[in-house]
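Residue strings, one per chain:
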Amino acid sequence: MEKDHFKDPNNDRSGINFNRRSFLGSTAIAGLGLALNPFALGAQTSHQNSGKQNEIKTKIATNRRKLGNLEVSSLGLGGLPVVGFYTGGVREQDKVNKLYREAYENGITFFDTAEVYGPLINERQVGEAIKPFRKEVVLATKFGFNVEPQSGERGGVDSSSKTIRRAVEGMLKRLNTDYIDLLYQHRVDPNVPIEDVAGTVQDLMKEGKVLHWGLSEPGLKTIRRAHAVQPLAAIQNEYSPWTRDPEAEVLPLCEELNIGFVPWCPLGYGFFADAINENTRFSEGDFRTILPRTTPENIPQNLEMLYYIEEWGLRKNATPAQITLAWLQAQKPWIVPIPGTSNSVHLRENIKANEIAFTSEELNNFNEGLSKIEIAGARNAQPVLDGMGVEAPPRT
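What counts, and where the lines are drawn
Residues numbered from 1 in each chain as written. Predicted model: local features only at pLDDT ≥ 70, side-chain atom pairs only at ≥ 80, totals over all residues. Heavy atoms only, no water. Salt bridge = Lys/Arg side-chain N within 4 Å of Asp/Glu carboxyl O. Helix = DSSP H or I, 4+ residues; strand = E, 2+ residues; numbered from the N terminus. Buried < 20%, exposed > 50% of the residue type's maximum accessible area, 1.4 Å probe, protein only. Pairing = 2+ DSSP bridges. Right-handed = clockwise from strand over helix to strand, strands pointing away. Phe/Tyr/Trp six-rings, centres within 6.5 Å; stacked < 30°, edge-to-face > 60°. Lys NZ or Arg CZ within 6 Å of the ring centre and 35° of its normal. Contact = heavy atoms within 4.5 Å. Axes fitted to C-alpha atoms, helices over the stretch in contact; angles between N-to-C directions. Left-handed = near helix turned anticlockwise from the far one by under 90°. Nonpolar A, V, L, I, M, F, W, Y, C, P; charged D, E, K, R; others polar. Parallel < 35°, antiparallel > 145°, perpendicular 65-115°, else oblique.

1. A look at the pattern of salt bridges
Charged atoms that come close allow side chains of opposite charge to pair.
(1) Moving on: A full pass over the atoms with the stated rule returns 22 salt bridges.
(2) Moving on: One salt bridge in this structure joins Lys142 and Asp112, with 2.6 Å as the shortest N-O distance. In this pair, Lys142 sits in strand S5 (residues 138-143) while Asp112 sits in strand S4 (residues 110-112), placing the two residues 30 residues apart along the sequence.
(3) Moving on: Take Lys142: its relative accessible area is 1%, and that puts it in the buried class.
(4) Moving on: Exposure remark for Asp112: the relative accessible area of 2% places this residue in the buried category.

Here it is, written out as C-alpha cells:
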C-alpha cells in the first residue's frame with residue numbers, strides 16, 4: 001500500500017491566486033532588485049562558492065527516483081523547445097548552456113533528447129550544454145528513424161541493426177560522450193521483430209556504449225517481448241491530465257515488470273502551463289496548429305480542465321504547471337515527467353513541483369474531478385497517433 005504522503009505537504013495556503021503570470025512577475029521583481037544593486041553579485045567569497053557547490057550536491061541527492069535500476073532526478077528536462085519546436089527558432093548555444101547549467105544546479109540530472117529533434121541539432125545542443133558535468137547526469141536519447149547522418153534528412157521508421165548502430169555512433173559524436181545512459185527506441189518498427197532490436201541494443205551494452213534502454217509508445221505485447229530479451233528501464237509515453245491512456249494498461253504492466261515510466265509532453269504542449277487561451281493563435285510552423293485539442297474551436301471547451309487545475313493551485317499556492325507535474329509524480333514513485341522549456345523562469349517554476357504533495361485522498365479527489373471533464377478533440381494529430389501502440393512483428 002502506498003503512503004498517504006508522497007512529499008511533505010505543509011505548503012497549502014488557500015485563497016491565493018498563484019498562476020504562471022504572477023510567478024513570472026515575482027521573478028522579474030527579484031531580477032530588478034539585482035539590477036539595482038549589481039555589486040551584491042560581486043560580494044561572493046570563496047566560502048560562499050564552496051557553499052554553493054555543497055548546495056548543488058544536496059539538491060542532486062534529494063528528489064531522486066528509479067527507472068528500473070537507473071536512478072534519476074524526480075523531474076527531467078526535455079529538449080524539443082530549444083530547437084524551436086513551438087516557436088522562436090533554434091536557440092543560441094550560449095542560452096542553451098545557461099539553461100542546462102541552471103537545471104543541473106537546481107537538482108535536475110536527467111536530460112532527454114532524440115536523433116530526430118532538429119534532426120540532429122538538439123543532440124549537439126545538449127551534448128555541448130552538459131559537457132562540464134556529463135559524468136554527473138543521466139543522458140537519454142532515441143533512435144528509430146532513418147535519418148541521414150550528414151544532412152539530417154528524415155525518412156520513415158527504421159530499427160534495423162545497421163540503422164541502430166549508425167544512429168548510436170552519430171549520437172556519441174554529437175553528444176560528445178562515449179556512452180548513453182538511456183537509449184530508447186523512439187517508435188516501434190512494424191517490420192523488425194523487437195527481439196532483434198533488443199539484441200542489437202544488448203550488443204551495444206556489452207560494448208559499453210549503452211547502459212540502459214527503453215521504448216517509446218510501444219504496444220503492450222512488444223513491451224513484454226523486449227523486456228524478456230533485455231530488461232527495460234523505462235517506457236516513455238504521452239501522459240498528462242487530458243491524456244490518461246497509460247493508466248489503464250501500460251502503468252500496471254510497468255509496475256509488474258519493474259519498469260519506470262517517463263511522461264512526454266506532461267504539460268499538454270503548454271496548455272497546462274497556462275500558455276494557451278481562447279484568443280491564442282499559433283505562428284506558422286508551430287506543431288500546435290495541427291493539434292486537435294488546441295484548435296480555436298476546441299480550446300474553449302478544454303479550458304475547463306485548466307480552470308479545474310487552477311482551482312487546485314489556489315489550495316496549494318501553486319501554478320497549473322506545478323500542480324500538473326506534482327500530480328504526475330504522485331501517481332507512482334517511478335514516474336518521472338520531462339517537461340521541456342527554453343525559458344529559465346519556466347524551468348524554475350517547474351522544479352518547484354517537487355515541493356508539492358498530494359495525499360491519497362487528495363489524489364483520488366483530483367482524479368475524480370478530472371474524469372468528469374469532457375475533452376474536445378483527439379489526443380494528438382493523426383500521423384502521431386498512427387505510430388503509437390504499434391506491435392512489432394513476430395520473430396520467424
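2. Details of unusual backbone geometry
(1) Moving on: The residue after Gly118, namely Pro119, is reached through a cis peptide bond having omega -15°.
(2) Moving on: Its location among the elements puts Pro119 in the loop between S4 and helix H4 (121-129).
(3) Moving on: Backbone geometry at Asn63 places phi at a positive 50°, although glycine is not the residue there.
(4) Moving on: Structurally, Asn63 can be placed in the loop between helix H2 (46-61) and strand S1 (64-67).
(5) Moving on: On the accessibility criterion, Asn63 (38% relative accessible area) is partly exposed.

3. Side note on the sheet that holds S4
(1) Moving on: Pairing is parallel in the open sheet, where 7 strands are placed in the order S3-S4-S5-S8-S9-S10-S11. Since the sheet does not close on itself, it has two edges, and those belong to strand S3 (77-78) and strand S11 (260-264), each with one partner.
(2) Moving on: Taken together, the 3 bridges between strand S9 (residues 210-216) and strand S10 (residues 234-238) define a ladder with parallel strand orientation. Following the sheet pairing, Ser216 is matched in S10 by Gln236.

4. Some thoughts on the pairing of S9
(1) Moving on: Burial analysis of S9 places 5 of its 7 residues in the buried class, which makes it a mostly covered element.
(2) Moving on: With 5 bridges joining them, strand S8 (residues 180-185) and S9 adopt parallel strand pairing. Paired with Ile180 across the bridge in S9 is Val210.
(3) Moving on: As for the winding sense of the linkage, the β-α-β connection from S8 through helix H6 (residues 194-206) to S9 is right-handed.
(4) Moving on: With respect to chirality, the unit in which S9 leads through helix H7 (residues 220-229) into the neighbouring parallel S10 is right-handed.

5. Side note on the packing of aromatic side chains
(1) Moving on: Inspection of every chain in the model, using the stated rule, returns 17 aromatic pairs.
(2) Moving on: Centre to centre, the rings of Phe111 and Phe133 are 6.5 Å apart; their planes meet at 45°, and the pair counts as tilted. Separated by 22 residues along the polypeptide, Phe111 in strand S4 and Phe133 in the loop between H4 and S5 bring together distant segments of the chain.
(3) Moving on: According to the relative accessible area criterion, Phe111 is buried, its value standing at 0%.
(4) Moving on: A residue is classified by how much of its surface remains accessible, and Phe133, at 3% relative accessible area, is buried.
(5) Moving on: Grouping aromatic residues by their ring pairs yields a cluster made of Tyr239, Phe261, Tyr308, Trp312, Trp327, Phe358 and Phe366.
(6) Moving on: When the ring centre of Tyr179 is taken as origin, the NZ or CZ atom of Arg134, which lies over that ring, is 4.1 Å away.

6. Considering the side chain of Arg379
(1) Moving on: Among the secondary structure elements, Arg379 is positioned in the loop between helix H12 (360-371) and helix H13 (382-385).
(2) Moving on: On the basis of relative accessible area, Arg379 is assigned to the buried category, the value being 19%.
(3) Moving on: Setting aside chain neighbours within four positions, we find Arg379 in contact with Glu238, Thr243, Asp245, Leu291, Arg293, Leu385 and Met388.

7. What to know about the environment of Gly78
(1) Moving on: Following the sequence through the fold, Gly78 ends up in strand S3.
(2) Moving on: Linking Gly78 and Thr341, residues 263 residues apart in sequence, is a C-alpha distance of 7.2 Å.
(3) Moving on: Discounting residues that sit within four places of it in the chain, Gly78 has contacts with Tyr100, Asp112, Ile338, Pro339, Gly340 and Thr341.

8. Overview of the environment of Asn350
(1) Moving on: You can see Asn350 is positioned in helix H11 (residues 344-351).
(2) Moving on: Between the alpha carbons of Asn350 and Ile323 there is a distance of 9.4 Å; along the sequence they are 27 residues apart.

9. With respect to the packing of helix H5 (residues 161-174) against H6
(1) Moving on: Running from amino to carboxyl end, H5 crosses H6 at an angle of 35°, the nearest separation of the two axes being 10 Å. Two packed elements cross with a definite hand, and for H5 against H6 that hand is right-handed. Between H5 and H6, the contacting residues are Ser161, Ile164, Arg165 and Val168 on the first element and Val197, Thr200, Asp203 and Leu204 on the second.
(2) Moving on: Across the contact of H5 with H6, the residue classes tally to 4 nonpolar, 2 polar and 2 charged.

10. Here we look at the packing of helix H3 (residues 93-105) against H4
(1) Moving on: At their nearest, the axes of H3 and H4 sit 9 Å apart, and the two run at 55° to each other. The orientation of H3 relative to H4 falls into the category oblique. Considering only the axes of H3 and H4, their crossing is right-handed. Along its contact with H3, which presents Gln93, Val96, Asn97 and Tyr100, the element H4 presents Arg124, Gln125, Val126, Glu128 and Ala129.
(2) Moving on: In terms of residue class, the contact of H3 with H4 is made up of 4 nonpolar, 3 polar and 2 charged.

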